[in-house]
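# Fold and geometry: a report
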Amino acid sequence: SQTIHQWPATLVQPVGSPLSLECTVEGTSNPNLYWYRQAAGRGLQLLFYSIGIDQISSEVPQNLSASRPQDRQFILSSKKLLLSDSGFYLCACYRRDSGNTIYFGEGSWLTVV
Amino acid sequence: AQSVTQLDSQVPVFEEAPVELRCNYSSSVSVYLFWYVQYPNQGLQLLLKYLSGSTLVKGINGFEAEFNKSQTSFHLRKPSVHISDTAEYFCAVSKTDSWGKLQFGAGTQVVVTP
């Protein structure tokens, strides 16, 4: 089965500062990768997904961007954080031959102050 | 587009009592259905999923859910809960051709007390 690593686990950043959250996947190759965000008291929202290296699709307009420089690495970034970027960010991985199951990482807590 | 409604934001329940978490969805196309659990400060863990076949789906930790196409529902049940079942539960759907692109409900917080 896949293992998804996310870091940092917790992050406190001032408004206007940059952001980089990293996700790496082990135990699989050529997965689909996803970034979800969970804002306080709300469900999860899909932000980005990627079907391969340098292939990124954005689901909602926002202050964030994503990159996939390697097959098993997915990075979420921002040049200037907003207060509204605070939330719990989850990386997810899917491979059709893994039993059609979507696996999630442990998440990264971001607080923008 | 799909949407998911979890009808209860919070469900208090006593230990060893049954629990049902309600989930309704709307979609103009065929969907797959999922229930995930999130323990405090952790990621999401898959409880069960409906892809096709039998409408009664059994998952981990004694949970089961029933897919009702006519009522567009996918309610989650457990006949006897434990304190360790205290968590947030999310219902989610995806189009059958869009794996991984999940539409989540707002979540139901289950609080189990002795």
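Residues numbered from 1 in each chain as written. Chains lettered and ligands numbered in written order. Predicted model: local features only at pLDDT ≥ 70, side-chain atom pairs only at ≥ 80, totals over all residues. Heavy atoms only, no water.

## So, the packing of aromatic side chains
Residue and element names in this part refer to chain B. Test applied: Classification of ring pairs rests on two measures: the distance between centres of Phe, Tyr or Trp rings, Trp counted by its six-membered ring, which must be within 6.5 Å, and the angle between planes, read as stacked under 30 degrees, edge-to-face over 60 and tilted in between. Each helix is a run of DSSP H or I of at least 4 residues and each strand a run of E of at least 2, with the numbering of both proceeding from the N terminus. The buried label goes to any residue with under 20% of its type's maximum accessible area, the exposed label to any with over 50%, and the partly exposed label to all in between, with areas taken from a 1.4 Å probe on protein chains only.
Throughout the structure, instances matching the rule amount to 13 aromatic pairs over all chains. Residues Phe-63 and Tyr-89 carry aromatic rings whose centres are separated by 5.5 Å and whose planes lie at 45° to one another, so their mutual orientation is tilted. Of the two residues, Phe-63 is situated in the loop between β7 (56-58) and β8 (64-68) and Tyr-89 in strand β10 (residues 87-95); the sequence distance between them amounts to 26 residues. For Phe-63, a relative accessible area of 4% translates into the label buried. Owing to a relative accessible area of 1%, Tyr-89 belongs among the buried residues under this scheme. Arranged with centres 6.2 Å apart and planes meeting at 90°, the rings of Phe-90 and Phe-104 form a pair that is edge-to-face.

## Description of the pattern of salt bridges
Residue and element names in this part refer to chain B. Put simply, the rule reads: For this analysis, a salt bridge means a side-chain nitrogen from Lys or Arg found within 4 Å of a carboxyl oxygen belonging to Asp or Glu.
By the definition in use, this model includes eight salt bridges over all chains. With its nearest N and O atoms 3.9 Å apart, the salt bridge here joins Arg-77 to Glu-66. Of this pair, Arg-77 sits in strand β9 (residues 73-78) while Glu-66 sits in strand β8, placing them eleven residues apart in sequence. On the accessibility criterion, Arg-77 (27% relative accessible area) is partly exposed. The residue Lys-78 makes a salt bridge to Asp-85 at a minimum N-O spacing of 2.8 Å. Owing to a relative accessible area of 6%, Lys-78 belongs among the buried residues under this scheme. Assessed through its relative accessible area of 4%, Asp-85 is described here as buried.

## Overview of the sheet that holds strand β7 (residues 65-70) of chain A
All names here are of chain A. Operational definition: A pair of strands is labelled paired if DSSP reports no fewer than 2 bridges between them. Where helices are involved, their axes are fitted lines through C-alpha atoms of the stretch in contact, as for all axes, and angles between N-to-C directions lie from 0 to 180°.
Taken together, the four strands give an open sheet; going across it, the order is β1-β3-β8-β7, and neighbouring strands pair in antiparallel fashion. In this open sheet, the two edge strands, each paired with only one partner strand, are β1 (3-7) and β7. Each strand axis lies, on average, 20° off the axis of its neighbour in the sheet, ignoring direction.

Nothing here speaks to function; it is all geometry.
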